[in-house]
Amino acid sequence: MSSFTNEIIRFIDKNFEQLGDISLRIWNFAELPLEEKRSSAILQEYLADNCFDLTIGLAGMDTAFLASWGSGSPVIGLLGEFDALPEMSQHISSEKKPIIEGAPGHACGHNLLGTGMAGAAVAVKELLKKHSLPGTIRFYGCPAEETMYGKIKMDEEHLFDDADICLSWHPKDGNAVSNFIHSAMVSLQFNFKGKAAHAAQSPEHGRSALDAVELMNVGANYLREHMIREARIHYVITNGGGRPNVVPSTAESWYYVRAPYKEQLDELVQRLIDVSRGAALMTGTQVSHEILSGCHNTVLNDSLNRLLYSSMTRIPVPAWSEEELEFAAKLQATVGKDLLREAISSYEITESEGQILHNKVAPLRSRPVFLAASTDVSNVSKTVPTAQVFTCCMPLGTPGHSWQVTASVGSSIGQKGMSYAAKVVADAAMVLFTKPTEVQNAQREFARRQEKISS
Ligand SMILES: [Zn+2]
């Protein structure tokens, strides 16, 4: 173990209480995307107190900020999130018990995510300063992950362009380096315009925009048979007319389309637009569409993943107390056995290892796993070499965006998982600051992958 690793472990352990307290305050604020004023402010204050320079308000978002310390290269960015989810309020309890019925809660653990990366940034700064090492450590305060907005806007404003590497983590039910390729996604709206008429008296004069919406949906459902199986199409009707006795002159549907790679997505979206045109032609209506948002697929970086894995295996995983195991077992009992089996297989957990709270690091997997879900971290990963780890902050098998997550990430289990993630990311960042070849390897791999994409 290098002396840096020991120093990082000591620093994060010494600050465990302060970081735990910040994460718990953000957990209590439970602010929705773009409303994270207090959550963003508390992280800003922590970083400013530790001599970081702050730029507050980025890419049109009041709660986005950049905290920076040091000068010159390399520039290593750590990504932090802090938004909550609606209707996920929950006590730190193994029974479903909202603090306020219907209020938001941290069911994705972003209270830990932001705090952990801020802690890692401060740990790295302490070491750079103490050892007079060159380079810049940055913390990106990224709002609105849950609406797939924050990092996409920040990327459009080129805020990641001059970083050499970005690292992050996400609270999960196990310890692993992420080999997930999250899908590329587009959210788009189709607007049909027809002609209103009395539905009984003179239907022949009407051209129904609702018919067009329905026929488009039928067409989209036939399209499913002839698309790659990893792709996804889901929709809702957001305007289906006013009342049955009036032929609807306007109607609207809202689609999400996903595919593992952006190129596959672009092709599928084009076919869906053709389906909408067909529906308009069939019904004598007009159609237009508007792209509301979208994100890229994840671009993995094996060089960074190997680096993170060696930090993960070098640093001891959290030791769970009897109370934590007991609480976790009760929480786990509220979740289906299928999810537990999936988790055990995905982290390659053997019988001798903990099956309630993960107590090992999953082997590094070279093959990527495609996920249907999407994340705005992917947009950072297409701009700058990026990688992330997962650490155990909840019982194995806990489903994402559930009340069980809110309960666990407010407890000491979540705080220990956060502390481990902060150590791992700070340790990997220190390797990047002290071994230029590691930065070059990651950047070379990134360039190779870009070439592949554009060829
Ligand atoms: Zn999340």
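Residues numbered from 1 in each chain as written. Predicted model: local features only at pLDDT ≥ 70, side-chain atom pairs only at ≥ 80, totals over all residues. Heavy atoms only, no water.

S.K.: Explain the overall build of the protein chain here, please?
M.R.: Each helix and strand counted, the protein chain has 14 helices and 13 strands in total. At 24 Å, the protein chain has a C-alpha radius of gyration in line with the 23 Å of a compact globule built from 455 residues. Taking the principal axes of its C-alpha atoms as reference, the protein chain extends roughly 85 × 50 × 40 Å. Within the span of the protein chain, comprising 455 residues, buried residues form 55% of the whole. Excluding contacts between residues fewer than 6 apart, the proportion of contacts in the protein chain whose partners are at least 24 apart in sequence is 81%. Surface summary for the protein chain: the accessible area is close to 19,700 Å², and the carbon and sulfur share equals 51%. Between the centroid of the 41 positive side chains of the protein chain and the centroid of its 52 negative side chains there is a distance of 3 Å. (Helix = DSSP H or I, 4+ residues; strand = E, 2+ residues; numbered from the N terminus. Rg over C-alpha atoms; globule rule 2.2 N^0.38 Å. Buried < 20%, exposed > 50% of the residue type's maximum accessible area, 1.4 Å probe, protein only. Contact = heavy atoms within 4.5 Å. Areas by Shrake-Rupley, 256 points an atom, 1.4 Å probe, with all protein chains shown as cover. Lys, Arg positive; Asp, Glu negative; His and termini not counted. Charge placed at Lys NZ, Arg CZ, Asp CG, Glu CD.)

S.K.: Explanation requested: the pairing of strand β1 (residues 53-58) in the structure shown.
M.R.: If a strand is regular, its side chains alternate between the two faces of the sheet. The sheet contact formed by β1 and strand β2 (residues 61-71) spans five bridges and is antiparallel. Opposite Leu54, over in β2, you have Ala67 as the bridge partner. Hairpin geometry of β1 and β2 is characterised by an intervening segment of two residues between the two adjacent antiparallel strands and by a positive phi of about 50° at Ala59. (Pairing = 2+ DSSP bridges.)

S.K.: Please clarify how the environment of Ser310 should be interpreted in this entry.
M.R.: In this fold, Ser310 is placed in helix α8 (residues 302-314). Sequence separation between Ser310 and Lys151 is 159 residues; the distance between their C-alpha atoms is 27 Å. Here Leu307 takes part through its backbone oxygen, which lies 3.1 Å from a polar atom of the side chain of Ser310. (Polar contact = N/O pair within 3.5 Å; in protein donor to acceptor, adjacent residues only side chain to side chain.)

S.K.: When you look at the coordination of the zinc ion in this model, what are you seeing that I'm missing?
M.R.: Six octahedral donors at a metal ideally form angles of 90 or 180 degrees, and four tetrahedral donors ideally form angles of 109.5 degrees. Within the protein, Cys108 (SG), His110 (NE2) and His170 (NE2) serve as the donor atoms for the zinc ion, at 2.1 to 2.2 Å. Read N to C, the donor residues that coordinate the zinc ion are spaced as C-x1-H-x59-H. Within this pair, whereas Cys108 is found in the loop between β3 (75-81) and α4 (110-130), its partner His170 is found in strand β5 (residues 165-172), the two being separated by 62 residues in sequence. For His170, a relative accessible area of 17% translates into the label buried. (Donors = N, O, S within 2.8 Å, 3.2 Å for Na, K, Ca; no water.)

S.K.: Help me understand empty space enclosed by the protein, please; the structure alone is not making it clear to me.
M.R.: Where empty space is left becomes clear once a probe the size of a water molecule has been rolled over the atoms. Inspection of the entire model under this criterion finds one cavity of 30 Å³ or more. Listed by contribution, the elements that provide at least two residues to the lining of the largest cavity are α11 (377-381) and β13 (386-392). The element best represented in the lining of the largest cavity is β13, accounting for three residues. In the lining of the largest cavity, the residues fall into four nonpolar, seven polar and no charged. (1 Å grid on protein atoms, 1.4 Å probe; cavity = no way out; pocket = protein on both sides within 12 Å on 5 of 7 lines; lining within 4 Å. Points joined across faces, edges and corners; volume = space filled by probe spheres on them. Nonpolar A, V, L, I, M, F, W, Y, C, P; charged D, E, K, R; others polar.)

S.K.: Can you help me understand the side chain of Glu31 in this one?
M.R.: Along the chain, the position of Glu31 falls in the loop between α2 (16-29) and α3 (37-49). Each residue touching Glu31, except ones within four places of it in the same chain, is listed here: Glu36, Lys37, Arg38, Ser39, Phe82, Asp83 and Ala84.

S.K.: Would you mind going over the domain arrangement of the protein chain with me for this structure?
M.R.: A common way to state how big an interface is: give the accessible area lost once the parts meet. Each assigned domain of the protein chain is listed with its residue range as follows: domain 1 (3-182 + 297-454) and domain 2 (184-292). Placing the centre of domain 1 and that of domain 2 at their C-alpha centroids yields a distance of 38 Å. Taken together, the contact pairs nine residues of domain 1 with eight residues of domain 2. In this structure, the connection of domain 1 to domain 2 is made through zero salt bridges. Our count for the domain 1 to domain 2 interface comes out at two residue pairs in polar contact (both at pLDDT 80 or more). (Domains from an automatic or database assignment. Salt bridge = Lys/Arg side-chain N within 4 Å of Asp/Glu carboxyl O.)

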